[in-house]
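Structural description and commentary
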Number of protein chains: 2
Amino acid sequence: MLPKKVTIHEAGPREGFQFEPIVLPTRTKVEFIEALARTGLTDIEVASFVRPDLVPQMADAEELVAQLTPYPGVTYTASYLNVKGLERASKTGKLRLKHGLTISASETFSRRNQHADHAEAYLGLEKRADLFCSWGISGVSLGIAAAFGCNFEGDIPLANVLDWIRRLEHLALSKGLAPEEIRLLDTMGWANPRGITEAVEAIYTLWPGIPVSLHLHDTRGLGMANAYAALVLGVSDFDTAVAGLGGCPFGGHTGAAGNLATEDFVLMCHEMGIETGVDLDALIECANSAEILVGHALPGKVKVGGNLSRYR
Amino acid sequence: MLPKKVTIHEAGPREGFQFEPIVLPTRTKVEFIEALARTGLTDIEVASFVRPDLVPQMADAEELVAQLTPYPGVTYTASYLNVKGLERASKTGKLRLKHGLTISASETFSRRNQHADHAEAYLGLEKRADLFCSWGISGVSLGIAAAFGCNFEGDIPLANVLDWIRRLEHLALSKGLAPEEIRLLDTMGWANPRGITEAVEAIYTLWPGIPVSLHLHDTRGLGMANAYAALVLGVSDFDTAVAGLGGCPFGGHTGAAGNLATEDFVLMCHEMGIETGVDLDALIECANSAEILVGHALPGKVKVGGNLSRYR
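Here we summarise the structure given alongside this text.

Calculation notes
- Residues numbered from 1 in each chain as written.
- Chains lettered and ligands numbered in written order.
- Predicted model: local features only at pLDDT ≥ 70, side-chain atom pairs only at ≥ 80, totals over all residues.
- Heavy atoms only, no water.
- Contact = heavy atoms within 4.5 Å.
- Buried area = accessible area lost by both parts, 1.4 Å probe.
- Salt bridge = Lys/Arg side-chain N within 4 Å of Asp/Glu carboxyl O.
- Polar contact = N/O pair within 3.5 Å; in protein donor to acceptor, adjacent residues only side chain to side chain.
- Helix = DSSP H or I, 4+ residues; strand = E, 2+ residues; numbered from the N terminus.
- Nonpolar A, V, L, I, M, F, W, Y, C, P; charged D, E, K, R; others polar.
- Phe/Tyr/Trp six-rings, centres within 6.5 Å; stacked < 30°, edge-to-face > 60°.
- Buried < 20%, exposed > 50% of the residue type's maximum accessible area, 1.4 Å probe, protein only.
- Lys NZ or Arg CZ within 6 Å of the ring centre and 35° of its normal.
- Lys, Arg positive; Asp, Glu negative; His and termini not counted.
- Least-squares fit on C-alpha atoms with pLDDT ≥ 70 in both.

**Considering the interface of chain A and chain B**
Residue-level contacts link 41 residues of chain A with 41 residues of chain B. When chain A packs against chain B, close to 3400 Å² is buried across both sides, 61% of that on carbon and sulfur atoms. Summed over the three residues of chain A that lose the most area to chain B, namely Arg 220, Lys 301 and Tyr 311 of chain A, the buried surface amounts to 21% of that side. Put simply, chain A and chain B have four salt bridges between them. One salt bridge in this structure joins Lys 301 of chain B and Asp 218 of chain A, with 3.3 Å as the shortest N-O distance. Between the two partners, chain A and chain B, sit twelve residue pairs in polar contact (both at pLDDT 80 or more). Counting only elements with at least two residues in the side of chain A that touches chain B, the list comes to strand S7 (154-155), helix H8 (193-206), helix H9 (223-232), helix H10 (262-271) and helix H12 (302-305) of chain A. Residue classes in the side of chain A that touches chain B are distributed as 18 nonpolar, 14 polar and nine charged.

This is the structure:
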């Protein structure tokens, strides 16, 4: 059941440089992103359009996007938490915006990350959906953050996640938007392979034909096992971050928080005969650069253990 | 197909303290091992009976075993590479010796690790089998080191591994020893979940009823995914090392070499409803101690990310 090919959304420049305390110069980030674009990665999340007073690392989002050189076959994306951020991102004119309706299954995390309880967050999604409609968008992804558990609320039952997907689906359909993808985010690293399997199978049963994508963190060492559990079910769409950068600044983490490391995931895919389109050696160089930029060791393993092709 | 319960062989004190350049005082190692014994781990590999001139970290093997306090329900084991080491380990009278016939699928690694080519290594196993017979042992495990690949020889085809298992089986049976377990060691971190699946399924088909055990390294970040792939097939016997200590000193590693981290594996098992008998919080304390002992960060994740029970 393994897919022949996976699509990787590289989240390192956005999620990583947002989590790290250091504020990197815009030019440095641009060069790093363009190096990633030369590895064969086709989808790179470059910035977050959020409040500069709360996330100063992302205060240069507009300037950064303005400086980016377009690469053939490479799409730059960005994240945003509300309509204002979405409008800022849209105005750059250089980003492929993800048309997503995403809510946190944990209300406490929603308050901390978006300053919105569930009712306010839902209202925000209605406004966002209206904006998508005014742009002539026809399809959206439905996303659930903290889909497996939360450092503030503990375990998140699968039934709650499925309920939220139903509500987002209802919202989308009521605005004439077709659900095109269901996205589960393990924002704080609570998932395990059994939980991944149960969630993906339930979604396949309830929403047949709609692909699932996963945003995984390796906070407790289970990121790669979670990815494998999903691959076995045919999931072929993953967010990862080079060198294992990343973590949500408002997730209440004690330290380890990074996303699944892109280069380790690419190695696993290649070793199992799954195409990624990525030049692993070039990506390992980017992972090494990332460590230099943030000034400390990052969790990715292949950059230390070595690409297997070196030994073949 | 997940097992209800797994057996964990804690390899940290042997494999970890052998790989680290620092030579720890015997008393320090004894205290660390006894702390592990109090976590609920039932099988702890405490030392390696190898040449003290080549592995000075293990020169105190006899003294260390002499100082160990027995704990109810806990078995101390040791490793050895030849008949001389086996006899030294046996003389301590305090170890449960693994009755194993293990060969490296890579001849280059065999030369580097055991100073024996395949013919010499096989002869050594014949002598070892004779010794087992003289002790009245009736069953043995058959082990293949470098079973998935080798930093010196590259990929190891599954057919070669199966051939070696057949030859070891023949050797065992010719001495009247029953094969009781087949052990695959991913000594240099070459395995991927697909390869694990293919190997375990082939062994189940060719040797039905004989359990498989795995010794996994996380050199390239795939250790946990490999463990999960095996759990799904019902494999319930794993070597791991607290904090992700470990690595073979003669494996030609570039840096990352540790075993699968015991505490991360225990977390995954518990989260999926698989019993380990281990107190995870006590084990995380041991992982933190291990870092202090070796004087640098070790790769285990849960010790940084935090046990999930803290947040429930």
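Still to come is the rest of the account.
**Comments concerning the packing of aromatic side chains**
Residues and elements named next belong to chain A. In the structure shown here, the tally under the stated rule is nine aromatic pairs over all chains. Between the aromatic rings of Phe 238 and Phe 265, the centroid separation amounts to 4.9 Å while the plane-to-plane angle is 50 degrees, which identifies the pairing as tilted. Linking Phe 238 in strand S10 (residues 237-240) with Phe 265 in helix H10, this pair joins segments that are 27 residues apart in sequence. Comparing Phe 238 with Phe 265, the two get one shared label, buried. Over the ring of Trp 164 we find Arg 167, and its NZ or CZ is 4.1 Å from the ring centre.

**Points about the side chain of Glu 181 of chain B**
Residue and element names in this part refer to chain B. Turning to its location among the elements, Glu 181 is positioned in strand S8 (residues 178-185). One buried charge, Glu 181, has no salt-bridge partner; the nearest side chain with opposite charge is Arg 183, at 5.0 Å. At 3.3 Å, the side chain of Glu 181 forms a polar contact with the side chain of Ser 213. What Glu 181 contacts, discounting residues up to four positions off in sequence, is Val 140, Ser 141, Leu 142, Ile 210, Pro 211, Ser 213 and Asp 237.

**Comments concerning the relation of the copies chain A and chain B**
Screw-axis analysis of chain A against chain B gives a translation of 0.0 Å along the axis, an RMSD of 0.0 Å, and a rotation angle of 180 degrees. Read as a symmetry element, the transformation amounts to a two-fold axis. Relative to the rotation axis, the closest C-alpha in chain A is found at Ala 225 of chain A, a distance of 1.9 Å. By residue overlap, the copies meet face to face through one surface: 100% of the interface positions of chain A are interface positions in chain B.

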